[in-house]
Amino acid sequence: MKNLYILAIGSNSQTDKNISLVLEKLKSLFEISRQTHFIQTTPVGINNAAMFTNGLVEIKTELLPEDLKAELKKIEKEMGRTPDVNKSIIPVDIDIIMYNNTIVHKDTERDYIKHLMNELTNSL
């Protein structure tokens, strides 16, 4: 049985290139059923950081959350994300925010996520 996930994707470094690349990687691994457009947002909790580009992608996969998270972390690492080095530069950040219609990440309270969730919901 396939699980339904909504992923939040963000970048504040070479955003056009990195967002395109991460979408290609996700499409090669998972069934993407819907996605939002990507918007510019102000960094939250990071000082001296460039603006972020953020969007949502809905995917279907048989992976369980912990296995999907491991795959997403592998993609982040391949794209240059490092845990502690220069936190103001984020090549790509991928978070699972919903799993089978259950909210699993606190970012869903952010206004831009609410806006993007509304866009995703209305794209049915």
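Engineer: What is the right way to look at the side chain of T36 in this model?
Structural biologist: Structurally, T36 can be placed in the loop between β2 (31-35) and β3 (39-41). From its side chain, T36 meets the backbone nitrogen of L56 in a polar contact 2.9 Å long. In contact with T36, not counting residues within four places along its chain, are G55, L56, L116, E119 and L120.

Engineer: Just checking my understanding: could you explain helix α2 (residues 65-78) for this structure?
Structural biologist: Here α2 contains 14 residues, and its C-alpha end-to-end distance of 20 Å stays within 8% of the 20 Å for a straight helix at 1.5 Å per residue. Where α2 is concerned, the buried positions are L68, L72, I75 and E76. Seen end-on, α2 carries its buried residues on one side only, within an arc spanning 100°. Projecting away from the buried face of α2 at angles above 90 degrees are the exposed residues E66, K77 and E78. Those residues of α2 hidden inside the fold are in contact with β1 (3-11), α1 (15-29), β4 (52-61) and β5 (93-99). G80 lies just past α2 and shows a positive phi near 100°.

Engineer: Where do I start with the pattern of salt bridges in this structure?
Structural biologist: Pairs can form between side chains of opposite charge whenever their charged atoms are close. The final tally for this structure, using the stated rule, is eight salt bridges. Two residues, E71 and K74, come together in a salt bridge whose shortest N-O distance is 3.4 Å. Of this pair, E71 and K74 both sit in helix α2, three residues apart, which is roughly one turn of that helix. Under the relative-accessibility criterion, K74 is labelled partly exposed at 43%. Linked through salt bridges whose partners overlap, the residues forming this network are K73, E76, R81 and D93.

Engineer: Can you walk me through the pairing of β5 in this structure?
Structural biologist: Successive residues of a regular strand alternate their side chains across the two faces of the sheet. Of all the seven residues making up β5, five are buried; the element is thus mostly covered by neighbouring parts of the structure. Bridging between β1 and β5 involves six bridges; their strand directions are antiparallel. Pairing of Y5 across the sheet is with Y99, part of β5. Note that β5 and strand β6 (residues 102-103) share two bridges and pair antiparallel. For Y99, the partnering residue across the bridge sits in β6 and is T102. What sits between β5 and β6 in their antiparallel hairpin is a turn of two residues, with N100 showing a positive phi close to 45°.

Rules of the game
- Residues numbered from 1 in each chain as written.
- Predicted model: local features only at pLDDT ≥ 70, side-chain atom pairs only at ≥ 80, totals over all residues.
- Heavy atoms only, no water.
- Helix = DSSP H or I, 4+ residues; strand = E, 2+ residues; numbered from the N terminus.
- Polar contact = N/O pair within 3.5 Å; in protein donor to acceptor, adjacent residues only side chain to side chain.
- Contact = heavy atoms within 4.5 Å.
- Expected span 1.5 Å × (residues − 1).
- Buried < 20%, exposed > 50% of the residue type's maximum accessible area, 1.4 Å probe, protein only.
- Arc of directions from axis to C-beta.
- Salt bridge = Lys/Arg side-chain N within 4 Å of Asp/Glu carboxyl O.
- Pairing = 2+ DSSP bridges.

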